[in-house]
Amino acid sequence: MFNKDRFIEDCVRGVAEGHEAIRELMAEAVSDRAGILAEFGAPEHAGLTPIFRSPALTVINFVWAPCMCLMPHNHQMFSVVGIYAGREDNIFWQRTGPTIAATGARSLGGGDVATLDSDVIHSVLNPIGKMTCAIHVYGGDFFAPPTPRSEWDHETLSERPWNVERVKSLFREAEARFGASTG
Ligand SMILES: [Fe+2]
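Below you will find a few notes about this structure. (Residues numbered from 1 in each chain as written. Predicted model: local features only at pLDDT ≥ 70, side-chain atom pairs only at ≥ 80, totals over all residues. Heavy atoms only, no water.)

1. Remarks on unusual backbone geometry
Worth spelling out the cut-off: Numbering of helices and strands starts at the N terminus; helices are DSSP runs of H or I of at least 4 residues and strands are runs of E of at least 2. Only protein chains enter the accessibility calculation, which uses a 1.4 Å probe. A residue is then buried if its area is under 20% of the maximum for its type, exposed if over 50%, and partly exposed in between.
Positive phi outside glycine occurs at Gln 76, with the angle close to 65 degrees. Mapped onto the fold, Gln 76 is located in the loop between strand 3 (69-74) and strand 4 (79-85). Positive phi, normally seen in glycine, also occurs at Leu 157, with a value near 60 degrees. Positionally, Leu 157 belongs in the loop between strand 10 (150-152) and strand 11 (159-161). Classification of Leu 157 by relative accessible area gives buried; the value is 18%.

Right, dumping it as structure tokens:
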């Protein structure tokens, strides 16, 4: 049975071993999706909720609003994603000259786990009409990356400094749009 505190303790120990250890813990966690939903409760609001933060490790509960899209960005630290409800469509990008080009995609559904290396650039889409829920574990302090993080404008694909407040407002706007569309 998934237990949030035990999962965090295991990640604190496992992060020193690297992303493979975290991936194993995540795979075990998302094999009990009902248990995670019982711990976190049914998603009510879109957003990113940190449930653990240290210089070596961040664990975030992501709730993606229906049909929301997050612009391309990098992390500057490895991450492991585990989906416990809904679907995350990831597009992967690579730098090419002053901009980026899409190079691949992976669609993640309930129970799926993905590991992203520290230099990965991805954008995320929730393609369905309900909340998508995922645990994201980062091998560092997500909110204070040791190397500055970038994001890319979704229309022009031009690079700019990552801004967590802009990210948070995207979640709020996406939830408001969904709320307006459903009355
Ligand atoms: Fe990301």
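After presenting the structure, the write-up continues.
2. Topic: the pairing of strand 6 (residues 99-109)
Operational definition: We treat two strands as partners when DSSP finds at least two bridges between them.
Bridge analysis of strand 5 (residues 87-96) against strand 6 gives 10 bridges, and the strand direction is antiparallel. Each residue of the ladder has a partner; that of Ile 91, found in strand 6, is Ala 105. Remark: two residues form the turn of the hairpin made by strand 5 and strand 6, two consecutive strands paired antiparallel; Gly 97 in that turn has positive phi of roughly 60 degrees.

3. Points about the side chain of Ser 150
Going by this rule: In what follows, a contact means two residues having at least one pair of non-hydrogen atoms within 4.5 Å.
One can find Ser 150 in strand 10. For Ser 150, a relative accessible area of 9% gives the class buried. Once residues lying within four places of it in the same chain are set aside, the contact partners of Ser 150 are His 73, Asn 74, Arg 95, Glu 159, Arg 160 and Trp 162.

4. Things to note about the packing of aromatic side chains
Quick reminder of the rule: The pairing test for Phe, Tyr and Trp rings, Trp by its six-membered ring, is centres within 6.5 Å, and the orientation test on the planes gives stacked under 30 degrees, edge-to-face over 60, and tilted for anything in between. Sitting over a ring, as applied to charges here, requires NZ of Lys or CZ of Arg to be within 6 Å of the ring centre and within 35 degrees of the ring normal.
Per the stated rule, a full pass over the model turns up nine aromatic pairs. Geometrically, the ring pair formed by Trp 64 and Phe 171 is tilted, given 5.0 Å between the ring centres and 35 degrees between the ring planes. Pair noted here: Trp 64 is in strand 2 (residues 58-64) and Phe 171 is in helix 4 (residues 164-182), with a separation of 107 residues, a long-range link. Judged by its relative accessible area of 1%, Trp 64 falls in the buried class. With a relative accessible area of 1%, Phe 171 lands in the buried category. Here a set of aromatic residues connected by ring pairs shows up, and it is made of Phe 2, Phe 7, Phe 40 and Tyr 84. In this arrangement the basic side chain of Arg 149 is found over the ring face of Phe 142, its NZ or CZ atom lying 4.4 Å from the centre.

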